[in-house]
Structures are given as structure tokens and as C-alpha cells.
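An overview of the molecular structure
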Amino acid sequence: MMGLLYPIQFECLAVVLAVLTLLGDAFKPLPDRRRLGYVLAAVMGLLLLYSFGPWIQVQDQTFFHGMYRFDAFALFFKRLFLLVLMFVLVMAAEFSPRIESGIAELYALILLCGTGMLLTASVNDFILLFVALELVTISFYVLVSYLRRQLPSLEAGTKYLVLGALSSGFNVYGIAYIFGTMGTTNFDTLHARLSALHASPSMAFTFGLLLVLTGLGFKISSFPFQIWTPDVYQGAPTPVTAFLAVGSKTAGFALLLRVLFTGLLPVQGVWVNLLMVLAGASLLYGNLGAIPQRNIKRLLGYSSIGHAGYMLMGVAAINSIGAGAVLFYLGQYAFTNLCAFLAIVAVSNVTGSSEISSFSGLGKRSPILGAALFIAMLSLAGIPPLSGFFGKFYLFVAVIARAATDWRYYVLAGIGAVTAVISLYFYLGVAKAIYIQEPENPANAGPIPVSDPMRLALYVCMAAIIGLGIFQGPLVNAAIQAASVFGLR
Amino acid sequence: MELLLIIAVLLPLAAAFLAFLFPANKPKAIRWLAIAATGISLALYLTLFANFDRAQAGYQFVSKMDWIPQLGVSFHLGLDGISMTLLLLVGFIAFAGTLVSSEIHERQKEYYILFLALTTGISGTFASMDLFFFYFFYEMAVIPMYLLIGIWGSLPPGKHGRTKEYATMKLTLYLTAGAVLALIGLLAMYYGAGGRTFDMVEIQRQFKLNPLSATSQRWIFPTLLFGFGFLASLWPFHTWSPLGYAAAPTAASMMHAGVLKKLGAYGIIRIALPLLPQGARYWANLLVILACFNILYAGWSAMMQRDWKFVIGYSSVSHMGYVLLGIATLNIVGVSGAVLLMFAHGLMAALTFSLIGFFYHQTHNRYVPELSGLARKIPFIGTCMVMAVMASSGLPGFANFPSEVMVFIGAWHRGTTIFQIATICAVWGIVVTATYLLRAVRASFFGPFDEKWSMLKDATTLWRKFPYALLLAALLVVGFYPRILTDIIQKSVAGVVEKQGVGVVAAVPAAERAPETGATTPDLVKVQP
């Protein structure tokens, strides 16, 4: 029994925790729901520590009839998701005074959604892929519209629901085509059958593949499936936006890497060109679209499209450096975005606004929040000595590695370079508000209180951003080790 | 000694971290911390210079640590004659810049943190022998500059209708654009050398065994030339520079015009010339033409300016033209001249900007036509300004003179028509420089005294005079005894341009003659103490 549960222990624990939260709330409502969030975050932190223990052994085999993997790649992502859950729970606890009712349910939904994410890390079969993805997406339908009396939140929820359902439909339709043409949904079997295929795959298979990519493209918000991103990011409660930006996107990339680099690797000729185009288009759309934005959550929505473009560049390189670079990027991206959203939660709890102008003079009002948001913005822009710089550098290394044999990768790297400069413009716009501009309403510009757990979370994030920017080695090692399961060159 | 180099480079950054922990209501302590940090690193650079083995051409004080072995990145610091010279420059200017920052009264804590971070960014770039860390430090220098200008800068309203926010954003975007362009070239070279190491020395060795094809060199070289050229204010990518300097606070202008701008030229000399010799030969003619535009076009623009900082801003663009001309010669004399000129011009530009800052802080006015007879109230500053202007016009006795002569000799030696025309243009450029600078000095420091300025106070105490005297003294010492630097520069430059092959038939004899050229130039001999 224990052997059976061993590979899915994190998923089981997260579900149990979610159920306990709901049950506990039903029987004995806590007077202070805020504290519950901190406790759950602490439990996630302990789980994260536990996952580094010597008792967790990755295994080079599949479980549950080939549906599930527990390899270095899966473990890398499970740790990342635990980390994200921990910070998102802190954020939700900070945000809880602004939620009218159902706070324990919010925590439980976050945990259930996290369970889905933990599952995506190990997916080895299209059926499980669909189940894990739906678990994530359906939880998000509720989470996005959680501020149910506020119109923007409801609008965002509806948008996410309609487009999410559409993309799920595409996804499952595509899976049906792939099963219909290849007779399997298992990635390993698919890999073997496609390798044995001498001719190019049939039109029907290609059609199915494109539909599956559509479904995943929605999750990572890459062009042209990005339309929902800015609206939903702006309307959703801030902790949920953060969860979308780091959790959902990371889950999407975990699936994309797994599907493309195991099952669909033999037909890379079919999807690599498409991926390059998507990468370039996402880079341009996200970074150009962010320029006129006046709302920081909306700006981060566009920026998230741009960052999807950067990571797709690394996927499109189809080499071991690229896979490692994407994993490194996801790791540092989590810290960077969480840092930004933590600061946004703290500020908008006081100002009640997420317009960039409401952040003016933040450096004076609260040095720590100002510094945190500033560092996060610079890391997103890729400025040393912050982790975002090395993330981008590593991706460029991967792309140029391919450029030696295929000049089109130089074009892709060129687009990446140009958009990196463009992105600096709008990230510095936020920096300008923080440090250069004076508070817009001097009468209302007192210091902003920062609670202790928030302070701790901010310090951890900032230390991680700077630490990973200077001592990149440990995360690079972990990323390379995790990426090595694909055996790419 | 290796340890001293690491300490000297990282000390300002460490001080910045320390200042971060200081309470913001103790600005005095933070200021003293900054003075101590930059002062000690200057002392360390001087110690390193005194211990520098002048007979040896290669890198010295080398220390190497594996950083990201998976990608072949190592933390690799070391100095040769070129980087030693430029690090001395950083040391002088950072120290003087911290001293003249007493004019800053607002948010001093943030100011000194950013200034110190900027200092480490610049000195780290000069000391790095690894392409990754070269780029890392290079980019690191950009953002502190953005905030220094944005927060503490000032741009008097003028016809240009620009704000300091506009100026600083433009500067940052130009510099970053140049940096990412150069990054693509750097990565292409990394893979050209096998993709195993970012170590410059190692890559150079790889290229000696199996050089890059001429075609790829031709393609890669322009990315580095223009990428670094953005930072070196290569015409027509110079427009960020005068505007940025005009808007910057004094110490930031000093750092930027003095050393940050030199990073671009240094990148070309350190990376592009030795690693892509054929590419350099292919693009040299274009570089010469652009350098002439730098000299004459920017000189002409400087003549039209009425704001002191714009005058000096355009003048520094014009002077970078001489540096680029020296680089384009691809021979030892010319490139050494370029390096020495970077040193000389860096000191001169920093000195001028600090002097402008001195009187602007009191007058809140730096329009040449509105200032008059200032020397009567501030004789010390006036004297220093006259000397700075003389240095800038290349008068013998200042470091600018030997370096400009070396650039001209190097350029003339190339022998082709285009280089000789360029040399003539460049010499003519000195006349232009003298015209606008002397005109500006005459108008604002001499002539009838305007009662408006009777509240001006001169630098009277030794302490206030010290930063200006320090920069002047360095200029004069090198001006009177240029071999103190040219000896070590030339040895290292020989390593940079030695692989030039056929295109240097004219340059090889020049290389052998180089020491004598320096010695037989009559003025150099006469002025030796």
C-alpha cells in the first residue's frame, strides 16, 4: 500500500490538507482565518523541506500502467509547485480581509488546484494530462471570480471560463485524433510508434497535435492564445493572479516539455517551426502590448505573455541546454513574480488600487515594499546581478547553440534581444513610479504597514532573486539534472 | 596581490551592502563609508600599479574560480597594461566623484548605494577575463545610472524641451540596446570557439589553433562594433550622450563621461580586435569614416551649444572619435594612443564636469551667455577650468597631448588615402575643440563681472580643493611622463593587434619603432622631468 502511494505522496498530502481545511472550517470555524493561511503555508514549507530529504528517491520507471512518472524532472517541478503554493497561501492570508466569506474554501481551492499542478509534473499519458489540466483549470474558474460582488472579478471569471472551456475542448479533441491515428495515449508507446514511422505522420495526426498545442498554449498564455491574459490578470484577486502567473504557467510548461520531448520528439520537424513562430510572436505581442499599460496587474499580464515567448525560445531550441534553461527560467521566474505580487498585495491592501500611479513614492512610503517591487521588475527585465538576467542569458546561450546550424535561430535571438530592450522601458516605468515620482496624493501617503509573515516572505524572495543571480550554480545543476531525463543532445 | 585586485573591485559593492543596513538618518556615516571604500580601492589600484611587472605583456594578478562549470563560466579576474590603466582611471574618478558628492543632500543613503554599485559594475568590467562576467558587470552599471540621473539629476528647461526622465530613459535604452546586440556577437564567438568556455584567454587560444572563417568574422564583428559603439557614443548612435550628461548629477556625469563611456571602446579593444582580426580589417574603413563624423560633427554641435554641460557633453562625443580613430588604425601606436587617450580624456571630462558642478550648485545656472567674470569670485575653480580646457585642446604637458599624437601617428602610418584624410580631419578637429572651449571659458570666467554672481564662494579649504587637484595632478604626471603608462599599454596592445597578418605590413615597422616614436617626439623628451 505504501509502495503504491509513494510516487503520489505529495498529491495525496495536498488533497488531505485541502479536505481537512474544509472539514475543520465546517466543525470549528476559526475566529482568525488569516492565521490558518499562515499555518497552511508553513505546512507547505515543511513539505518542501521534506522533499529534499534522502528518503525521496527518484525512480526511472513508470507507475499506474505507464501513466505516471516520478523522475528527476517530476521532482523538480513538484518542489517548484510546493514553493509556489507556500507563497500563494501567504499572499491569500494577507489578502483575506478583503474577502467577504469563504476564506477556508479559498485555501482549500488553492490546495486542490496545487494538487492538479503537482500531478502535471508527472504526467506520462494524454488521459492523465487532461485530468490534471482540468483539475487546475476548474479550480481556477472559481478562484478567478472569487470576489463575487466585484464586477471586474466576475468579468475575468467569465472570460476565463469561456476561453478555458474552449481550450479544454480543443485539447481533448486533439487527444482523440492522436489516439485515433496512433492507437495509444501513452507517451512512451507514442514515442516508439512515431520513431518506427518512416513516412511523415498523417494529416489527421498533425491536426491532433496542433489541437493539443492549442490547449497547452492557452495555459502558458502564448500567442495566439493569450487574449484572456491581461483581462483575467487584472480582474482576478491578486493572489489568484500570482497563482496563474507562476503556478498555471509552470504547469503548462511542465506538460509542454514532457509532451514535446518524450512522445512527440520523433516528429519535431512538424512542431519546431510552429514553436519558433509562436515564440517570436509572443515576445513581440507581450512586450509591445505592455508599453501603454497603466495598471500593474495588467502590465504583468502582458509581461507574462512576453516571458512565455522567452521560454518557448528555449523549448524551440530542442537541445539539453535549452531544456535546462527553461527549467532555470521557471525557477527564478517563480521567485521574481511572487516577489512582485507580494508587494502588490501589501500595497493595494492599503491603497485599494493597482494602478501604477498608486505606487508612486513607494520607495519613501515603505522602503521594503519599494525595494521588493523594484528588484522584481529589474529581474523581469533581466538586469544583473538578479536572477532574471542569468535566466535570459542561459536561454540565449541555448538558442545561439542551434543558430550555428540554422540561421533562423539568429532571427529568433534577435527578436528576443530587441524585446528585452523594449521590456526595460515599461519595467523601468514602474521603477520610476517607485523611486523618482512623488506620491500622487501627499495627504494620503503615510507609511504602509507590512506584517511579519509578509516581511519574511519578501526577504526570502529578494534573497532568492539576488542569490540566484550571483550563485547560479545550484539551480543550474538541478535544472540540468531534471532536463537530463529527456536525453537530448 | 590577486586578492588585492578582487578586494579593490568588490569593495565598493560590499560598502553598498553595508550602507543598505545603515539607518537612513545617518547620512554622514554613509558618506564617510563611501569615501573610505572608494579611497581604499584607489589606494589598492595604486599598489597594484606599483607592483605591476612592467616587463611582462600578459595578464597579471590573475585569480580564477569555477563559477558555472556546466556552461564554462568562471570568475576570472586579471590585469594587463590596458585594463590596469583604465582601472587606475576608475579609481581616481570614483574617489573624486564621491568627494564632490557633498552637494547631494536628499536621500543620501540611496545615492551612495547606487554610486558604489555603479563603481563596482565599471571596475568589474575592466578586470574581468571571462566574457560572462564582462557582460554581467557591464549591464550591472546601467541601472544605477538610470536612478542617479532620474532622482538627483537636473535638466534646465531649454529649447530642447526634454525632461531628465526622458534623458535617463533614452540613455538606459540606448545602452541596453547596445549591450544585447553585443551579447549575440559574444555568444556567437563562444560557439565559434567550441562552446565550452567563456574565458577570453582560452577562446583566443582556440581561435589561434582554428580561426573562425572570414565570413563569420565579418558577420560577428559589426555586432560587437556597434553594440559596444552605442556605449562609446559612436556616431550616429551618440544622441543619448550629451543629453544624459546634461541631466546627470555631477558625480554621475563624471563617472559616465569619465569611465562608463570608455567601456565601449575597451570592449572593442579587448574582445573584438584580438578575437576577430579579419573582421576588424574588413570594417576598419567604415569605423574611420564614422570616427571622423564623431570628431567633426560632434565638434560642430558643441560649438552651437549654450549650456556648459551640453558643450562638454558634445566635446566628449567628439573626443571619443579620436579614440575610435586610434582603434581603427589596428596598429600598436594607434591603439595604444587610443587607450592612453581614454585615460586622459576620462580624467579631463571628469574634471570639467566636477568644476561645472561646483559653480552650478551655487548659481543654478550654467548658460554660457548668462555667466560672466566668474573667475574673479572663484579663482581656484577658474584656474582649474582653464587647465582642463587646455588639456582638452591637447596642449603639451597634459596627458591628452601624447595620446593624440600617438593616434595621429598611428593613423598616418596606415598609409591609405582614407586614413590620411581622416588624420587631417582629426587634426582640424583640435582647432574646433579649442575654439568652442576657449570661447566658453572666456565668456563665463573672464570678461566683466556680473554682480548677480557676487554670492559665489570658492573652494578654499584643502579638502574642497583636493578632488580637483587630484584629477589635475594625474593628468599632469602622465602628460609629463607618458611612458609611465605607454610602456605597459604598448606591451599589452601588441598582444591585441599582433595577429593582424597581411593588412599590417605598414604597421609592423611602426610596432618596432613604437618605443622610439614615443621617445623621439621632441616635446615628449623636453618635458620629461
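Residues numbered from 1 in each chain as written. Chains lettered and ligands numbered in written order. Predicted model: local features only at pLDDT ≥ 70, side-chain atom pairs only at ≥ 80, totals over all residues.

What chain B contains, in helices and strands, is 21 helices and two strands. Against the globule reference of 24 Å for 529 residues, chain B gives a C-alpha radius of gyration of 22 Å, in line with a compact fold. Overall, chain B is about 70 × 55 × 45 Å in size when its C-alpha atoms are taken along their principal axes. For chain B, the share of sequence-separated contacts (at least 6 apart) that also reach a separation of at least 24 residues comes to 82%. (Helix = DSSP H or I, 4+ residues; strand = E, 2+ residues; numbered from the N terminus. Rg over C-alpha atoms; globule rule 2.2 N^0.38 Å. Contact = placed C-beta atoms within 7 Å.)

On to the overall build of chain A. Scanning chain A from N- to C-terminus turns up 20 helices and two strands. Scaling as 2.2 N^0.38, a compact globule of 489 residues should have a C-alpha radius of gyration of about 23 Å, and chain A matches this with 21 Å. The 489 residues of chain A split such that 61% are buried. Here the analysis covers contacts within chain A between residues at least 6 apart in sequence; of these, 81% occur between residues at least 24 apart. (Buried ≥ 20, exposed ≤ 12 C-beta atoms within 10 Å, placed from the backbone.)

Packed helices, taken two at a time, are described by their axes: the angle between them and the distance between them. All names here are of chain B. At their nearest, the axes of helix α2 (residues 27-50) and helix α3 (residues 81-100) sit 9 Å apart, and the two run at 155° to each other. When the interaxial angle is binned, α2 and α3 end up roughly antiparallel. The element α2 and its partner α3 pack so that their crossing is left-handed. Counted together, A34, I35, T38, G39, S41, L42, Y45 and F49 of α2 and M84, L87, L88, G91, F92, A94, F95, T98 and L99 of α3 form the full contact between these two elements. Of the residues belonging to the contact of α2 with α3, the class tally is twelve nonpolar, five polar and no charged. (Axes fitted to C-alpha atoms, helices over the stretch in contact; angles between N-to-C directions. Parallel < 35°, antiparallel > 145°, perpendicular 65-115°, else oblique. Left-handed = near helix turned anticlockwise from the far one by under 90°. Nonpolar A, V, L, I, M, F, W, Y, C, P; charged D, E, K, R; others polar.)

So, about the confidence of the model for chain B. Residues and elements named next belong to chain B. Per-residue confidence for chain B averages 85 on the pLDDT scale, and 93% of its residues sit at or above 70. Across chain B, the element-wise mean pLDDT spans from 35 in helix α21 (residues 522-526) up to 92 in α3. A low-confidence stretch, residues 500-529 (pLDDT under 50), is modelled with 45 contacts involving residues beyond four sequence positions or located in other chains. As a predicted assembly, this complex carries a pTM of 0.91 together with an ipTM value of 0.89. (pLDDT = per-residue confidence, 0-100.)

What follows deals with helix α7 (residues 164-192) of chain B. Residues and elements named next belong to chain B. A rise of 1.5 Å per residue sets the reference length of α7, with its 29 residues, at 42 Å; its end C-alpha atoms lie 42 Å apart and thus fit the reference within 8%. For α7, the tally of buried residues reaches 24 of 29 residues, placing the bulk of the element in the interior. The first or second residue beyond α7 is G194, which carries a positive phi of 105°. (Expected span 1.5 Å × (residues − 1).)

Counting from both sides, the interface comprises 25 residues of chain A and, opposite them, 25 residues of chain B. Elements supplying a minimum of two residues to the side of chain A that touches chain B: α17 (387-403), α18 (408-436) and α20 (473-483) of chain A. A total of eleven residues in the side of chain A that touches chain B trace back to one element, the largest contributor, which is α18(A). Taken together, the residues of the side of chain A that touches chain B sort by class into 21 nonpolar, three polar and one charged.

Next up on the list: α18(A). Its 29 residues place the ends of α18(A) 41 Å apart at the C-alpha level, agreeing with the 42 Å of an ideal helix rising 1.5 Å per residue. Within α18(A), 22 of the 29 residues are buried, which leaves the element mostly enclosed by the surrounding structure.

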